[in-house]
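Spelled out, the chains give:
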Amino acid sequence: MTAIPVQKRKARRHDVVFPVVNAIILILLMFITLYPVLNTVAYSFNDGTDALRGGIGLFPRVFSTKSYAAILEDPAVYQAAWISASKTVLITLLNLFWTGMLAYTLSRREYVLRRVITTVLVLTMYINAGLIPNYLLITRTLSLGKSYWVYIIPTMFSCFNMIVIRTYIQGLPDALVESARIDGAGDIRVYWQIIFPLCTPVMATVALFVAVGSWNSWFDTYLYCGGQKQLHSLQYLLKMKLATTQASANAAKTSVDAIKSTTQTTPITIRCAITVVSTVPILVVYPFLQKYFVTGMALGAVKG
Amino acid sequence: MKRFLAVLLAAMMVLGLIPAVMAEGAAEPITLTVFRGDPGDQPADDNKIYKLIEEEFGVKFEFEFLAGDLDETLGLKIANEDYPDLFDGGNSADLIISNGALINLLDYISPEKTPRLWAHIEPQKARLIEKDAEGNDVLYIIPNYGLPDGPQIALTVGGPAFFIQKQVLEWAGYPTIKTIDEYFKVLEDFITANPTDENGNPYTGFAILCEDWRHFCLINPVQHLMGRPNDGEVLVDVSNTDFHTETFIDKPYAKPYYKKLNDLFQKGLINKDTFVMNYDQYIAALSSGTILGMFDQAWDFGNATSALNAAGMYKNTFVALGPVYDPADVDGKVIEEHYLNGSLPNVRRGFGISVTSPYAERIVNMWEEMLSDKWQLIFNWGIEGEDYYVENGRLLMTPEQYANTQDNTWIMHNKARAFFESSPKKQGWIMDGEFKGNCWEPGNQDEIVFGLMNEYDKKFLEAYGFSKFADFVNPPIELAPYGEAWQIDYTPVEIEHQDFLNIQDKRLPEIIMCDPSEFDAKWDAFVEEITPSATAFGNYMQEAVLKEAQKVLGNE
Amino acid sequence: MSTIGKRSAGNAVIPVRKKSFFRTLGSQWQLMLMSVPMFLYVLLFNYGPMWGWITAFQDYKPKLGLFNSPWVGWKNFEWLFSREDFLNSIRNTLAMSVINLVFGTVSSILLAILLNEVRMRAFKRTVQTVTYLPHFLSMVIVVGMAQNIFASNGAINHLILSLGLSKQPVFFLGEGRYFWWLVGVINVWKEVGWNTIIYISAMTSIDPSLYEAASIDGAGRLQRILHVTLPGIKSTFVILLIMNIGHLMEAGFEIQYLLGSSVVMDWSQTIDVFVLQYGISKQQYGVATAAGLFKSVVAIVLLLGANTIAKRLDEATLI
């Protein structure tokens, strides 16, 4: 073990050059990807009518919080945020629970149903019978329409995430499972006590995928709960706000409507404010998940 | 324990509700489900107008708005037979009607039972009442707009026109523009003399928005140059009752317009970026005041106008002109301009009552009551003292009050927009009673229109000796019996129609941008390519126009 | 137990006699308990609505439903394949999804490797957070910006003109031949950080002692990347590749719809855009379903093909 620091001290020339070049590349990349984000923020804090003229860069030209006011002054936003948050948490937990277990079983080569189940599940990623049959299944057969459960029950599983977890588990040393088996542990115990704790990075990744997907979804609200005000999700509500702003921007029919006051919100700034409002919660939660998949696990230690 | 609490809570809620129910009196309180075929904001819980409706009619609403594709959404509702009580199918109402989702309102409306509603539709009943498959008279939807009282109010051109920045006309000494050549000439002269604005930004002479459904800026102008109002993509000969109908884009008289655009492109007045511009970029360009002219519909760029006004760039705002072809373009024929239309009911637009609703009677009676002056004032103007004031018999708003009516957040609390927009309503002049001579809609009221007009506009109108901006075009002309052809349902030829549009979208920009020596060849190739779909669509429209006309003429 | 597992591992030979199949199944009740409920769930939610595919052979009307809509045989398919623009949209879909797949995979693996080489934890996390942000911008915003940047008077053309690469501004948005590549570039811009997450998370499963061992053996940075990092994410890469090959018929429609204009229609129209224009919004449900069915069949063929190839090469497989 003591040999390693000695090796590291013998830094070759490109070991100095590389980190610098790497850092420069990454900083450049950060700028390229940060620009649209900052630009969006700048637009969101700009006066709506002024923003129509375009050409705003990293800072607002005429500062205004009117777009945020238009969103946040609506009390329905808070109810919708609660719906979105609660369904996101529920869906994420349920997904991790089911998908993780399923992924484990399908990573077991000795499992006789492995191929059948895997094939059937994988194909779901490529088949889609269309909107109407799906809609009738949910609303008629299962009577889930117009209820909170329509957010939860149809979205408990995603094959893509299952595959991601399965691939990760397959990368873990087989010996872990084997030795536990010798100790007499059944698969349920093996999974929950040995495999699951080792899967933290991939579970964090999948949690992020599921949570973001659920947080950003609006179509389910639209299809099944459009008329249920108390069940509206945040994204649906925000999408509606944008659509209304666009519609009323087009509805200027008389000469007087054209002489609108300067305090108007416009689709362009509303859209940006909506993006910020709906992304900030994700940014707040992100570091907690990121910790797990960026840092990685000291896997060697576990194995030792 | 928890369960006990839950039961207790539920019991308290029920008890809490009962007194409210009892207090309602006669009408049993109901909640109507409402679907609107366009986007909208949910009204706030404390909305004052909905509160009034609840108090007076015992009716609450549960709104659902469009957020995705309209036809797709309606298809789902039809497949599931899951209809709201009040059903506004937006632009695809034909779909819900043909699938039998709506009741025949004539079962509930009659001069005796519902005198106000009857009086409301009576003048236009030839257009409104249709025959169903069995030959019975039916009315599914009372139009949401277009049944005004009194003579038509046309203060401004709200629809299609050739627009031009006011400063161009000011610079040219306020000329009268009657032909398309004069229109392009004044643009060209101006830009030659003033290639850039005061900040050095280059002017663009003429912009053509081509994005998606807004491609009417590219494909519609020819009919107007031929002296017809907006009939969509066909030209109808109204000189006799044959109503000869044809697509115009593939006809020889369309060629001169695109030839002129090709010339403008060569001269640099049209920028090729115009063909790939999205709507936001278009509005940004108009709002920055560097685009001097375009063909468009006024409502399509209202936002840009407000941006220009807000920035005090009044001279860069637009005035609507109604140019037509010069006789030289059309074999010496003299064309009379016709941009403004007489009013027309918005047929099959608005609320219908679905066949699954148990409340038909109640809804119709509510509409009947709501057509009273009292309720129409509430819907249009609001609550006296809060939203408007009265002075010497005139309905008036302070600038703040008027600004409120443009503010979506304020509207959520203070207007019954989601309901009223699709309901039967009065428009035009208040014909009798206390407020006779006022306008139903605040936006048409003289004091408000001219009170808010800026000095530049006043001076501009004065220079022409006009009193309003609609004076730049001919006064509204009554429509032919078939109405407006763009409103006709062309479902049976949808595929051909889509092809017809796609070919225009694809080829016309190429033709405008091509080398002048290739123009004729390109045009001929275009005509050849589009002829099959144009013929199919045109033939269908011919029949449809005749059928519409027959309906009205026959009913009269 | 473990010996059976070893024997069946690696190839698809199903364990020998029927008797032993059920006995094995019985002994695997815990695995079944963990997997069968979700399996049934998927059968219900994903396969239940598959009756809808029948409508590909109907002139489906929502009002009439499955049982009363008229049958039309293969007419919907015939109509689709008789249309030049539909065939064109298949070409565009494949071209754009191949470009997206190559650009997307290469860029995200590259970024993951660069990030993996960063020693400063805070910097690494910052870069990672910043690069994934554009994922949350709506396509409208991103495409809007791209349209400004690539316009004739936009930033890119300024650069091209000032570097003297061209005398005229390049008409990026109006010439079809640029369209596919623009879509690829915009997708990378928006999604590179997001797509990297999965590789970064895969890299965490690499045993750190492998890096140490490689260093002791005198491996340079490049060699460590080649011999430790890349093999460490290979199975993830292969699995994602197989999955994405199955998705080659999906190039999306939002970006094409927003970025495209009539002048580049021949290059921008994808299958999904076509279906939207001629199927769904024209109540041609049968046609829309037929197109979807066609896509699914091609997808499954592609998927199974890729999976088989991976198996032959002894790589990780999806199924």
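On a predicted model such as this, the values are computed, not experimentally measured, just so you know.

Novice: Help me out: how do you make sense of the overall build of chain B in this one?
Specialist: When helices and strands are counted, chain B shows 22 helices and 16 strands. Here the C-alpha atoms of chain B give a radius of gyration of 26 Å, agreeing with the 24 Å that 2.2 N^0.38 yields for 556 residues. Counting across all 556 residues of chain B, residues that qualify as buried make up 47%. The long-range share in chain B, meaning contacts at least 24 apart out of those at least 6 apart in sequence, stands at 76%.

Novice: So what exactly am I meant to see when it comes to the domain arrangement of chain B here?
Specialist: By a frequent convention, interface size equals the accessible area lost on bringing the separate parts together. Residues and elements named next belong to chain B. Under the domain assignment, chain B is made up of domain 1 (28-149 + 345-436) and domain 2 (160-339 + 453-555). A separation of 33 Å is found between the C-alpha centroids of domain 1 and domain 2. Each partner contributes to the interface: domain 1 provides 4 residues, whereas domain 2 provides 6 residues. Taken together, the residues that form the side of domain 1 that touches domain 2 break down as 2 nonpolar, no polar and 2 charged.

Novice: How should the interface of chain C and chain A be read in this particular structure?
Specialist: Of the residues lining the interface, 80 residues belong to chain C; the matching set on chain A comes to 82 residues. Among the elements that take part in the side of chain C that touches chain A, helix α3 (residues 29-47) of chain C stands out by supplying 11 residues, more than any other. Residues that form the side of chain C that touches chain A fall into these classes: 47 nonpolar, 27 polar and 6 charged.

Novice: How do you make sense of helix α14 (residues 360-370) of chain B when you look at a structure like this?
Specialist: Think of an α-helix as 3.6 residues a turn; residues three or four steps apart then line up on the same face. Of the residues making up α14(B), those classed as buried are B:Arg362, B:Ile363, B:Val364, B:Met366, B:Trp367 and B:Met370. Elements that come into contact with the buried residues of α14(B) comprise α2 (48-57), β2 (59-65), β3 (86-88), α5 (115-121), β13 (352-353) and α15 (373-380) of chain B.

Novice: Got a minute to help me understand the sheet that holds strand β1 (residues 30-36) of chain B in this structure?
Specialist: Think of a sheet as strands paired side by side through backbone hydrogen bonds, with each pair either parallel or antiparallel. All names here are of chain B. Strand order in this open sheet of 4 strands is β2-β1-β3-β13, and the pairing throughout is mixed. The sheet is open, and its two edges are formed by β2 and β13, each paired on a single side. As judged from the 7 bridges shared by β1 and β2, these two strands associate in the parallel manner. The residue bridging valine 34 from the neighbouring strand is phenylalanine 63, located in β2.

Novice: Got a minute to help me understand the confidence of the model for chain B in this structure?
Specialist: Detailed conclusions should not be drawn from predicted coordinates in areas where pLDDT is low. All names here are of chain B. Looking at chain B, the pLDDT average stands at 91 and 95% of residues meet or exceed 70. Looking over chain B, one finds the lowest element-wise mean pLDDT in helix α1 (residues 2-23), namely 46, and the highest in β13, namely 98. The model gives residues 12-25 a pLDDT under 50, and that stretch makes 3 contacts with residues more than four places away or in other chains. The complex prediction reports pTM at 0.88, with the ipTM value standing at 0.86.

Novice: Explain the interface of chain B and chain C to me, please; I cannot follow it from the model alone.
Specialist: Taken together, the contacts link 23 residues of chain B with 19 residues of chain C. Among the elements of the structure, α3 (70-80), α12 (279-287) and α21 (494-513) of chain B are those that each provide at least two residues to the side of chain B that touches chain C. The greatest single-element share of the side of chain B that touches chain C, amounting to 7 residues, is contributed by α21(B).

Novice: Can you walk me through helix α10 (residues 176-203) of chain C in this structure?
Specialist: An ideal rise of 1.5 Å per residue puts 40 Å on 28 residues; α10(C) measures up with 39 Å between its terminal C-alpha atoms. Along α10(C), the sharpest kink reaches roughly 60°, centred on C:Glu191.

Novice: I'm lost on the nonpolar core in this one. Help?
Specialist: The nonpolar side chains of soluble globular proteins are, as a tendency, buried together. Grouped together as the largest cluster of nonpolar side chains are 298 residues, with contacts concentrated most on B:Ile164, B:Leu187 and B:Ala320. The element contributing the most residues to this core is α10(C), with 13 residues. Apart from the residues lying within four places of it in its own chain, the contact partners of B:Leu187 are B:Ile164, B:Val168, B:Gly205, B:Phe206, B:Leu269, B:Leu292 and B:Gly293.

Novice: What exactly am I supposed to notice about the sheet that holds strand β8 (residues 204-207) of chain B here?
Specialist: All names here are of chain B. The 4 strands lie next to each other as β8-β11-β7-β12, forming an open sheet whose pairing is mixed. Looking at which strands have only one partner, the edges of the open sheet turn out to be β8 and β12 (318-321). Direction aside, the axes of adjacent strands within the sheet are offset by 20° on average. Note that strand β7 (residues 160-165) and β12 share 4 bridges and pair antiparallel. The partner of isoleucine 164 across the bridge, within β12, is valine 319.

Analysis parameters
- Throughout this description, residue numbers start from 1 for each chain and increase along the sequence as written.
- Both sets of labels track the order of writing: A upward for chains, 1 upward for ligands.
- Per-residue local features are limited, in this predicted model, to residues with pLDDT of at least 70; the limit for side-chain atom pairs, both in listing and counting, is 80 or more; totals at the level of whole chains, interfaces and linings are taken over all residues.
- Here a strand is any run of E in DSSP of at least two residues, a helix any run of H or I of at least four, and the numbering for each starts at the N terminus.
- Based on C-alpha atoms, the radius of gyration is set beside the globule rule, defined as 2.2 Å times the residue count to the power 0.38.
- Residues are called buried when their C-beta atom has 20 or more other C-beta atoms within 10 Å, exposed when it has 12 or fewer, and partly exposed otherwise; all C-beta atoms are positioned from the backbone.
- The contact rule is simple: place each C-beta atom from the backbone, and if two of them lie within 7 Å, those residues are in contact.
- Here the limits of each domain have been adopted from an automatic or database domain assignment.
- For this classification, the nonpolar set comprises Ala, Val, Leu, Ile, Met, Phe, Trp, Tyr, Cys and Pro, the charged set comprises Asp, Glu, Lys and Arg, and every other residue, Gly included, is treated as polar.
- A pair of strands is considered paired only if DSSP assigns at least 2 bridges between the two.
- The predictor's confidence in any single residue is recorded as pLDDT, a number from 0 to 100.
- Here a helix's expected span is defined as the number of its residues, less one, multiplied by 1.5 Å.
- One axis fitted to the seven residues ending at a residue, another fitted to the seven starting there: the angle between these axes is the bend at that residue.
- For the purposes of this analysis, a nonpolar core is taken to be any set of buried Ala, Val, Leu, Ile, Met, Phe, Trp, Tyr and Cys residues that are connected through C-beta atoms within 7 Å.
- All axes here are fitted lines through C-alpha atoms, helices being fitted over the stretch that makes contact, and every angle between N-to-C directions spans 0 to 180 degrees.

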